[in-house]
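# Structural characterization, general
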Amino acid sequence: MNKETNELMALVFEKEQRQCIPVDDKTNLMISIFLCVGLVISYLPQHYRIIANKTSEGFSAWFLLLGVVSSTSSFLNIILLQWDSIMCCKSLTTGACFEGLMGIVQIGLQWCMFCLVFILFLLYFPENKKRQIHEPTLYLDLPNKIEAPLSAEWKVSLVVAATCIGHLSISFFISVLLLIFVGGPEHWQTNYWAGFLGVLSMVLASLQYFPQIYKTWKSKTVGALSIPMMMLQTPGTVLFVYSLVVRPGTNWTAWLTYMVTGILQGTLLTLCITWHFRNKRLGIRDIDTSQTAEEEEEEEPLLRS
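Okay, so let's go over this structure. (Residues numbered from 1 in each chain as written. Predicted model: local features only at pLDDT ≥ 70, side-chain atom pairs only at ≥ 80, totals over all residues. Heavy atoms only, no water.)

## A closer look at the environment of Ile-79
Put simply, the rule reads: The helix count covers DSSP runs of H or I at least four residues long, the strand count covers runs of E at least two residues long, and both are numbered beginning at the N terminus.
On the secondary structure map, Ile-79 appears in helix H3 (residues 61-81). In this structure, the C-alpha to C-alpha distance between Ile-79 and Gly-184, residues 105 residues apart in sequence, is 9.8 Å.

Structure (structure tokens):
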């Protein structure tokens, strides 16, 4: 009996030691660092385009909803799956800990950058589309006294924002409870919850680009979408997926999301390039900034007075 107990304890101790062995894969580390830097750089054209043009016209709120919820689920998924790597940082050097957590850093940066796009979408939502247009009335002074109701498009955007915040709060709360009271991914409850988040992320990522592709196809304009961003991200997805596939402690639920997303993003990129050159040939601008210019001209006399 004592012999069996000692063997069992030895196996457990050996497993714990295996989990805390440093990764020590310099090639994969360099690829991961390159991808992290490239990821941040690739999003800068999109952030700049929205801010510089002071409009987020052309974005689909449903595209952003699916993207935020998908990236949030994927971020929590890899945190749960690599919880042992996080705990091993107590016994590893700073460099070894950083190398072991590069998968979490990559997906965390992806989540932050995409959430910033959504925040800019709300901040720079076209003012002329936030409220419904007044219907003609017999009383000319009535529209000046009664504020027009919110437009359906702006209402959808506000509901999308509330949904994203709600999903983040609930998913984070459940994940923390499981880690505190149940444990890491070696316990079936935590592993199942991580798997659910991964599958949810995969499904939403598979559907994410369809609303945006439809909106871009219907409007026949690029809008505030950044072609340079997509040209950087689409080929980078191949390296990104590879770095996650070889990362210890992950499974297909962590990287399949990004493979599907890359294929759909390539489709949107092709569509945007097509409309860009078509509209350029016809003398049509990608973004209609006339409304923004009119609003600034109206504000100038008020500021002077």
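Moving on from the model shown.
## Side note on the packing of H3 against helix H8 (residues 152-181)
Test applied: For every element, the axis is a line fit to its C-alpha atoms; helices are fit only across the contacting stretch, and the angle between N-to-C directions ranges from 0 to 180 degrees. Reported orientations rely on four angle classes, namely roughly parallel under 35 degrees, roughly antiparallel over 145, roughly perpendicular from 65 to 115, and oblique for the rest. Contacts are assigned to residue pairs with any non-hydrogen atoms lying within 4.5 Å of each other. In this count, Pro and Cys sit with the nonpolar residues alongside Ala, Val, Leu, Ile, Met, Phe, Trp and Tyr, while Asp, Glu, Lys and Arg are called charged and the others, Gly among them, polar.
Across the interface, H3 lies against H8 with an axial gap of 9 Å and an inter-helix angle of 10°. The pairing of H3 with H8 is recorded here as roughly parallel in orientation. From H3, Ala-61, Trp-62, Leu-65, Val-68, Val-69, Thr-72, Ser-73, Leu-76 and Leu-80 reach across to H8, where they touch Val-156, Ser-157, Val-160, Thr-163, Cys-164, His-167, Leu-168, Ser-171, Phe-172, Ser-175 and Leu-179. Within the contact of H3 with H8, the residues separate by chemical class into 13 nonpolar, seven polar and no charged.

## Thoughts on the nonpolar core
Looking at soluble globular proteins, one finds that nonpolar side chains tend to be buried together. Where we set the bar: For this analysis, a nonpolar core means a set of buried residues of the types Ala, Val, Leu, Ile, Met, Phe, Trp, Tyr and Cys, connected via side-chain atoms within 4.5 Å. With a 1.4 Å probe rolled over the protein chains alone, any residue whose accessible area is under 20% of its type maximum counts as buried; one over 50% counts as exposed, and the rest are partly exposed.
In terms of nonpolar packing, the biggest core is built from 53 residues, with Phe-59, Leu-64 and Phe-118 touching the most fellow members. Broken down by secondary-structure element, the contributors of at least two residues to this core are helix H2 (26-53), H3, helix H6 (102-123), H8, helix H9 (188-219), helix H10 (227-245) and helix H11 (252-282). Those residues in contact with Leu-64, other than ones at most four positions away along the chain, are Phe-59, Phe-114, Val-117, Phe-118 and Phe-121.

## Thoughts on H10
The following threshold applies: The span expected for a helix works out to 1.5 Å for each residue beyond the first. The bend reported for a residue corresponds to the angle between axes fitted to the seven residues ending at that residue and the seven starting there. For the purposes of these results, a polar contact is taken to be a pair of N or O atoms within 3.5 Å, where, inside protein, one atom must be able to donate a hydrogen and its partner to accept one; residues adjacent in sequence count only when each atom of the pair is a side-chain atom.
Compared with an ideal rise of 1.5 Å per residue, which puts 19 residues at 27 Å, H10 spans 28 Å between its outermost C-alpha atoms and is within 8% of the ideal. Its maximal kink placed at Gly-236, H10 deviates by approximately 40°. Buried within H10 we find Ile-227, Met-229, Met-230, Gln-233, Thr-234, Thr-237, Phe-240, Val-241, Ser-243 and Leu-244. Between the side-chain oxygen at the start of H10 and the backbone nitrogen of Met-229 there is a gap of 3.2 Å, and the oxygen is on Ser-226.

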